[in-house]
Amino acid sequence: GYETYLFGGKDGSGAYMQDTWRLIPGLNTFGGDLDYMWDRLTQTGTPPAARWDHYAVAATSQSSYLIVFGGIAKDPENPSQDVVMNDVWRLAPALPDPIWKKVTILSSSESPGARCGHAALWRKSTSADLAQEVFGRMLVFGGRDSPTGSPTDSALWRLNFTVTGDSATWEKLSATGPSPRFHHALAHDAPSLPDTAFVFGGEKSGGQKLNDLWRLNVNTLTWTSVGFLAGTPPSPRSRHTATVGGG
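Residues numbered from 1 in each chain as written. Predicted model: local features only at pLDDT ≥ 70, side-chain atom pairs only at ≥ 80, totals over all residues. Heavy atoms only, no water.

Here we look at the overall build of the protein chain
Then, in step 1: Regarding its fold elements, the protein chain presents one helix and 18 strands.
Then, in step 2: What you see for the protein chain is a C-alpha radius of gyration of 18 Å, in line with the 18 Å of a compact globule of 247 residues.
Then, in step 3: Viewed in the frame of its principal axes, the protein chain has a C-alpha envelope of about 50 × 50 × 45 Å.
Then, in step 4: The 247 residues of the protein chain split such that 41% are buried.
Then, in step 5: Counted over contacts in the protein chain with a minimum sequence separation of 6, partners at least 24 positions apart contribute 52%.
Then, in step 6: Taken together, the 21 basic and 23 acidic charged side chains of the protein chain have centroids lying 5 Å from each other. (Helix = DSSP H or I, 4+ residues; strand = E, 2+ residues; numbered from the N terminus. Rg over C-alpha atoms; globule rule 2.2 N^0.38 Å. Buried < 20%, exposed > 50% of the residue type's maximum accessible area, 1.4 Å probe, protein only. Contact = heavy atoms within 4.5 Å. Lys, Arg positive; Asp, Glu negative; His and termini not counted. Charge placed at Lys NZ, Arg CZ, Asp CG, Glu CD.)

Considering the environment of H240
Then, in step 1: Mapped onto the elements of the fold, H240 is located in the segment after β18 (222-225).
Then, in step 2: When its relative accessible area of 16% is taken as the criterion, H240 is described as buried.
Then, in step 3: The sequence separation of H240 and A185 amounts to 55 residues, and the corresponding C-alpha distance is 6.1 Å.
Then, in step 4: Setting aside anything within four residues of it in sequence, one finds H240 in contact with H183, H184, A185, F200, G201 and G202.
Then, in step 5: Looking at H240, its side chain comes within polar contact range of the main-chain oxygen of F200, at 2.8 Å. (Polar contact = N/O pair within 3.5 Å; in protein donor to acceptor, adjacent residues only side chain to side chain.)

Concerning empty space enclosed by the protein
Then, in step 1: Summed over the entire model, instances satisfying the criterion amount to one cavity of 30 Å³ or more.
Then, in step 2: In this structure, the largest cavity occupies an estimated 30 Å³ of space.
Then, in step 3: Around the largest cavity sit S61, S63, S64, W122, F135, F161, T162 and G165, which together line it.
Then, in step 4: The class makeup of the residues in the lining of the largest cavity is three nonpolar, five polar and no charged. (1 Å grid on protein atoms, 1.4 Å probe; cavity = no way out; pocket = protein on both sides within 12 Å on 5 of 7 lines; lining within 4 Å. Points joined across faces, edges and corners; volume = space filled by probe spheres on them. Nonpolar A, V, L, I, M, F, W, Y, C, P; charged D, E, K, R; others polar.)

Section: the pattern of salt bridges
Then, in step 1: Inspection of every chain in the model, using the stated rule, returns twelve salt bridges.
Then, in step 2: The salt bridge partner of D129 is R123, with a shortest N-O separation of 2.9 Å. An identical accessibility class is assigned to D129 and R123; each is buried.
Then, in step 3: With relative accessibility at 4%, the residue D129 sits in the buried group. (Salt bridge = Lys/Arg side-chain N within 4 Å of Asp/Glu carboxyl O.)

Considerations on the sheet that holds strand β9 (residues 99-102)
Then, in step 1: Read across the sheet, four strands follow the order β4-β5-β8-β9 without closing on themselves; strand pairing throughout is antiparallel. The sheet is open, and its two edges are formed by β4 (55-58) and β9, each paired on a single side. Sheet twist, expressed as the average angle between the axes of neighbouring strands with direction ignored, equals 25°.
Then, in step 2: Judged from the four bridges that link them, strand β5 (residues 66-69) and strand β8 (residues 88-92) form a sheet pairing that is antiparallel. Residue pairing for β8: F69 is matched across the bridge by V88. (Pairing = 2+ DSSP bridges. Axes fitted to C-alpha atoms, helices over the stretch in contact; angles between N-to-C directions.)

A few points about the nonpolar core
Then, in step 1: With 16 residues, the main nonpolar core has I67, V88, M138, F161 and W170 as its most contacted residues.
Then, in step 2: Of all the secondary structure elements, the ones that give two or more residues to this core are β5, β11 (119-123), β12 (137-141), β13 (156-161) and β14 (167-172).
Then, in step 3: It is β13 that contributes the most residues to this core, three residues altogether.
Then, in step 4: Setting aside its immediate chain neighbours within four residues, M138 contacts V57, I67, F69, A120, L121, W122, W157, R158, L159, F161 and W170. (Core = buried A, V, L, I, M, F, W, Y, C linked by side-chain atoms within 4.5 Å.)

Regarding the layout of surface pockets
Then, in step 1: When its volume is computed, the largest pocket comes out at roughly 1,300 Å³.
Then, in step 2: As for the largest pocket, its lining consists of 46 residues, and the residues nearest its centre are Y55, A56, V57, A58 and A120.
Then, in step 3: Among the secondary structure elements, those contributing two or more residues to the lining of the largest pocket are β1 (4-7), β4, β11 and β15 (185-188).
Then, in step 4: A breakdown of the residues in the lining of the largest pocket according to their chemical character gives 24 nonpolar, 15 polar and seven charged.

As structure tokens, then:
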């Protein structure tokens, strides 16, 4: 069955977290719902540095459970200073617990660089992808390269993974759509609506909050601005969440 994974964040004292947790569902003995159990994974090898404001996607591939990109960590040479990360990690199947492995980024003509406050989704490989020896892709939009700076760009980025998941290549796509922003919400549900993702709101330069809605066709990699035929949209906001449900 499915499992839910959690990594990183900040605790109540402001400390940056490095722990990894798994939420395991089990049958309820009374038949009403599922019983859930939290399991803290044993850290083997070298896990990602403690961080927050990163993004994680569930990877529907045999080589990885979870992909983590970017975020804000402490500078190892100056622990009092924050640094925005550009590393990519995958949580790989292993016994008794999954293990973290750093993804090697192969030579790319362009890359998104360090990012925090961004959003991402996982796109399962198609037959065309497999023909190009690409075994899954991660799409990334928005974010910024400093903890207090302006959004970096409005580009849509794609990270193309090799069969083992150990290496990947960045690719800047030509799609044009939402303005530069960070701390926006991205909603995508591959099982129920595999071809569509939505981006709502966020924050642009100068601290102004947004409440525009955009639809991304995950197959054609094109953006469409979504208007409102009726009703009043949510007020401008950032640091919110969204999901796709029903259908």
